[in-house]
Amino acid sequence: MKSRFTLAIALAAILFTLPAAANDGDTKAHHAREAKAAAHEHDKDAKDPPAEGSQQHKMKVCNVEAGKKNLKGDERRSFMSSCLKG
């Protein structure tokens, strides 16, 4: 009789933990899907070129010009400041 009672308790414990384990797996899969979607959105944004006239576009253009002129230090800082304003 005692072994049947122990068996019933063990079986009940297994049955009650199965749904929790299944939900944990679903939650992990859900988080993995969300992370993948967020990474995809980030990659898509990174591939889009900056809009012409935007601050980011100006920064890229001015940076290239400063590089072509081989400017360093204070000269570069001054050039970038004036380039970004104009």
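These numbers were taken from a predicted model, which means no experiment stands behind them.

We now examine the overall build of the chain. Per the secondary structure count, the chain includes 3 helices and 0 strands. Ordered by position in the sequence, the α and β elements of the chain form the string α-α-α. Out of the 86 residues in the chain, the part that is buried amounts to 8%. When the accessible surface of the chain is split by element, carbon and sulfur atoms take 61% of a total near 7,500 Å².

Here the focus is the nonpolar core. Soluble globular proteins tend to bury their nonpolar side chains together. Listed in full, the 7 residues of the largest apolar core are C62, A66, L71, F79, M80, C83 and L84. Tallying contributions element by element places helix 3 (residues 73-85) first for this core, with 4 residues.

Moving on to the pattern of salt bridges. In this structure the tally under the stated criterion is 1 salt bridge. Of the charged contacts in the structure, one is a salt bridge between R77 and D74, with a shortest N-O distance of 2.8 Å. Here R77 and its partner D74 are both found in helix 3, 3 residues apart, which amounts to about one turn of the helix. Comparing R77 with D74 shows no difference in burial state: the two are exposed.

Across the chain, the average pLDDT comes to 76, with 71% of residues at or above 70. Put simply, helix 1 (residues 2-47) is where the chain has its lowest mean pLDDT, 66, and helix 3 is where it has its highest, 92.

This paragraph deals with the state of the cysteines. For the structure on display, the rule yields 1 disulfide. Each disulfide pairs two cysteine sulfurs, and for C62 the partner residue is C83, the sulfurs being separated by 1.9 Å. On the sign convention where negative means left-handed, the S-S torsion of about -85 degrees between C62 and C83 marks this disulfide as left-handed. Pair noted here: C62 is in helix 2 (residues 55-68) and C83 is in helix 3, with a separation of 21 residues, a long-range link. The residues C62 and C83 share a single accessibility class, namely buried.

This paragraph deals with helix 3. The end-to-end C-alpha distance of helix 3, which contains 13 residues, comes to 19 Å, matching closely the 18 Å that a straight helix rising 1.5 Å per residue would cover. Residues of helix 3 that are buried include every one of F79, M80, C83 and L84, and no others. Buried residues of helix 3, seen end-on, are gathered within an arc of 120 degrees and therefore sit on one face of the element. Along helix 3, the residues that are exposed and aim more than 90 degrees away from the buried face are D74, E75, R77 and K85. Against the buried residues of helix 3 lie helix 2.

About the thresholds
Residues numbered from 1 in each chain as written. Predicted model: local features only at pLDDT ≥ 70, side-chain atom pairs only at ≥ 80, totals over all residues. Heavy atoms only, no water. Helix = DSSP H or I, 4+ residues; strand = E, 2+ residues; numbered from the N terminus. Buried < 20%, exposed > 50% of the residue type's maximum accessible area, 1.4 Å probe, protein only. Areas by Shrake-Rupley, 256 points an atom, 1.4 Å probe, with all protein chains shown as cover. Core = buried A, V, L, I, M, F, W, Y, C linked by side-chain atoms within 4.5 Å. Salt bridge = Lys/Arg side-chain N within 4 Å of Asp/Glu carboxyl O. pLDDT = per-residue confidence, 0-100. Disulfide = S-S within 2.5 Å. Expected span 1.5 Å × (residues − 1). Arc of directions from axis to C-beta. Contact = heavy atoms within 4.5 Å.

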